[in-house]
Each structure stands twice: as structure tokens, then as C-alpha cells.
Amino acid sequence: MDIKYIIEIFPQIAAYIPVTLLMAIIAMALALILGGFLTYLSRISYLKWLIGLYLLIFRGFPTIVILFVIYFGLPQLLGLGHHWSATVIATICLALKQEAYTVEVYRSALDAVPRGQLEAGLAIGLKTSQVYRRIIIPQAIRTMIPTLGNNFTALLKETSLAFSIGVTEMFCQGKLIASTNFRYFEVYFAVGILYVLIIYVYSLIQEFIEEKVNFY
């Protein structure tokens, strides 16, 4: 293993960290918003089965299959061209995949709050929406933050699959470098180290957020 060469190619691969982070952050933000919307809809009886089918599909399909179906399959099915960039499509696909897991995180966190707190809030004259906003959701947030953090870590690593539809991010850049000199071990080791460093920094941020939330 050539340590000097690994250090040499670090900047070339690290230059694409913003692409990886941007895809992951936007995808997670969309998943959090859409996941909350679907969690609300899933409590409506006649929509529950439809939401369940949606979650089953996006939890069951591998991420790379979702990328191929939406990027290559849908335009062919609908007779359309590629009007959006591969980066945008990859971000949307990652968001849809992550959303399916986020719904379950929201649902389990809300169910973990004792039912009696809703009944007590209603008994003192609060509306259901007020009980959720002031009592139930603040408690549920403490429960869901660690799981959502782990999901975001997994999402960061899944951005490496975006290379399969032509997105140049960290893994793709490493692949391009390796294809020119065939030094696969050093190149992919450098890519792995960069992912580890990013996830380590994020884990510190998550610990800080958890401490702040638990303090209040």
C-alpha cells in the first residue's frame, strides 16, 4: 500500500464531498417533510392500505433499482427525455427511499408516548392538534433523533450508488481515478477513509443535538 499516493489523491476525491453532502442533506430534508405528511395520511383509515403499499415498495426495492427505474425506466415508459439532471433524480430517489423508513420512525416514536397523555390533554380542554404539538411531538422527537441520525448515516453511504446513473460524486471520482492507473486498493481505501471522516464529524454533531434535546 502506497501511503504517499493515498495522500496525493485525497484532494481529488475530497473535491466531490460537497456533491455527496448536498445530495444527502436535501434527500434527508425531503424525507423528513414527506415522511411527516405520509405519517399523517396513514392515520386515515381508507388511505392506510395505500400508504402501506407505497412503503412496502420503497422499502423492498434496492436503492439501485429505484435509481434505474426512475432515471431510465420512467422516461422510456412515458416517452419523455431526461429533463432533469442525474444529480436531481438521484436526490429524489434517495429521498423517496429514505421517506419509507422515516414514516416508520415517526410512527413508532409517536406510539411510544403513552396514550394517557393524549386523553389527559383532551380532558383539560386542549384540542387534539394542540396536544400533539405541545405534549406528544416534543417527547417523540427525543425518541426519534437517534434513529433518524443512523438513517442519515446510511443515506450518506447510499449516495455512492448515484454513480450508476452518471452522477460524479466521491465514489465515482475514485472509480475514474482507479480506471486510469488500476491502483484500486489505494483509491478505494482513500474513498472509504473520506466516508469514515464525514460520518465521524456527523456523529459528533448528532451527539451534540441529542445532549441539547435531552437537556430541555
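Reading the values: rules and limits
- Residues numbered from 1 in each chain as written.
- Predicted model: local features only at pLDDT ≥ 70, side-chain atom pairs only at ≥ 80, totals over all residues.
- Heavy atoms only, no water.
- Helix = DSSP H or I, 4+ residues; strand = E, 2+ residues; numbered from the N terminus.
- Areas by Shrake-Rupley, 256 points an atom, 1.4 Å probe, with all protein chains shown as cover.
- Lys, Arg positive; Asp, Glu negative; His and termini not counted.
- Charge placed at Lys NZ, Arg CZ, Asp CG, Glu CD.
- Expected span 1.5 Å × (residues − 1).
- Buried < 20%, exposed > 50% of the residue type's maximum accessible area, 1.4 Å probe, protein only.
- Phe/Tyr/Trp six-rings, centres within 6.5 Å; stacked < 30°, edge-to-face > 60°.
- Lys NZ or Arg CZ within 6 Å of the ring centre and 35° of its normal.
- Arc of directions from axis to C-beta.
- Patch = residues over 30% accessible without salt bridge, like charges linked within 9 Å, V, L, I, M, F, W, Y side chains within 5 Å.
- Salt bridge = Lys/Arg side-chain N within 4 Å of Asp/Glu carboxyl O.

Peer 1: Which parts of the structure should I look at to understand the overall build of the chain?
Peer 2: For the chain, the helix and strand inventory stands at 9 helices and 0 strands. Listing each helix as α and each strand as β along the chain from the N terminus yields α-α-α-α-α-α-α-α-α. With the C-alpha coordinates of the chain rotated into their principal frame, the extents come out at 70 × 50 × 25 Å. For the chain, the computed accessible surface area is about 12400 Å², with 69% contributed by carbon and sulfur atoms. Placing the 15 positive and 12 negative side-chain charges of the chain at their respective mean positions leaves the two points 10 Å apart.

Peer 1: Sorry if this is basic, but what is going on with helix H2 (residues 17-41) here?
Peer 2: Residues that lie three or four places apart on an α-helix share one face, since the helix turns once every 3.6 residues. Look at H2: 36 Å from first C-alpha to last across 25 residues, which is about the 36 Å you get at 1.5 Å a residue. If you check which residues of H2 are buried, you get Ile-17, Thr-20, Met-23, Ala-24, Ala-27, Met-28, Ala-31, Gly-35, Leu-38, Thr-39 and Leu-41.

Peer 1: What exactly am I supposed to notice about the packing of aromatic side chains here?
Peer 2: When we look at a pair of aromatic rings, we describe it by the centre distance and by the angle of the planes. On inspection of all chains with the given rule, the structure shows 9 aromatic pairs. An angle of 40° between the planes, with centres 4.7 Å apart, marks the rings of Tyr-54 and Phe-58 as tilted. Here the residue Tyr-54 and the residue Phe-58 both occupy positions in helix H3 (residues 45-60), the gap between them amounting to 4 residues, near one helical turn. For Tyr-54, a relative accessible area of 22% gives the class partly exposed. Put simply, the rings of Phe-163, Phe-171, Phe-182, Tyr-184 and Tyr-188 touch in pairs and so form one group of aromatic residues. It is Arg-183 that lies over the ring of Tyr-5; its NZ or CZ is 4.0 Å from the centre.

Peer 1: Any chance you could explain helix H1 (residues 3-14) here in plain terms?
Peer 2: Over its 12 residues, H1 extends 16 Å from the first C-alpha to the last, a length consistent with the 16 Å expected when each residue adds 1.5 Å. Those residues of H1 that sit buried are Tyr-5, Ile-6, Ile-9 and Ile-13. Along H1, the residues classed as buried sweep out an arc of 95° about the axis, all on the same side. Counted as exposed and oriented over 90 degrees from the buried face of H1: Lys-4, Ile-7 and Pro-11.

Peer 1: Before we go on, may I ask you to explain unusual backbone geometry in this structure?
Peer 2: The backbone phi angle of Phe-182 is positive, close to 65°, even though this residue is not glycine. Along the chain, Phe-182 turns up in the loop between helix H8 (170-181) and helix H9 (184-215). Here Phe-182 falls in the exposed class, since its relative accessible area comes to 57%.

Peer 1: Where do I start with a nonpolar patch on the surface in this structure?
Peer 2: A cluster of nonpolar side chains, namely Trp-49, Leu-50, Leu-53, Leu-56, Ile-57, Phe-61, Ile-64, Val-65, Phe-68, Val-69 and Phe-72, defines an oily patch on the protein surface of about 980 Å² accessible area. For the nonpolar patch, the secondary structure elements donating two or more residues are H3 and helix H4 (63-78). Position of Val-69 relative to the elements: it lies in helix H4. Exposure remark for Val-69: the relative accessible area of 40% places this residue in the partly exposed category.

Peer 1: What's the story with the environment of Trp-49 in this structure? I'm lost.
Peer 2: With respect to the element layout, Trp-49 can be found in helix H3. Classification of Trp-49 as exposed rests on a relative accessible area of 59%. Each C-alpha atom, one on Trp-49 and one on Thr-180, is 51 Å from the other, the two residues being 131 residues apart in sequence.

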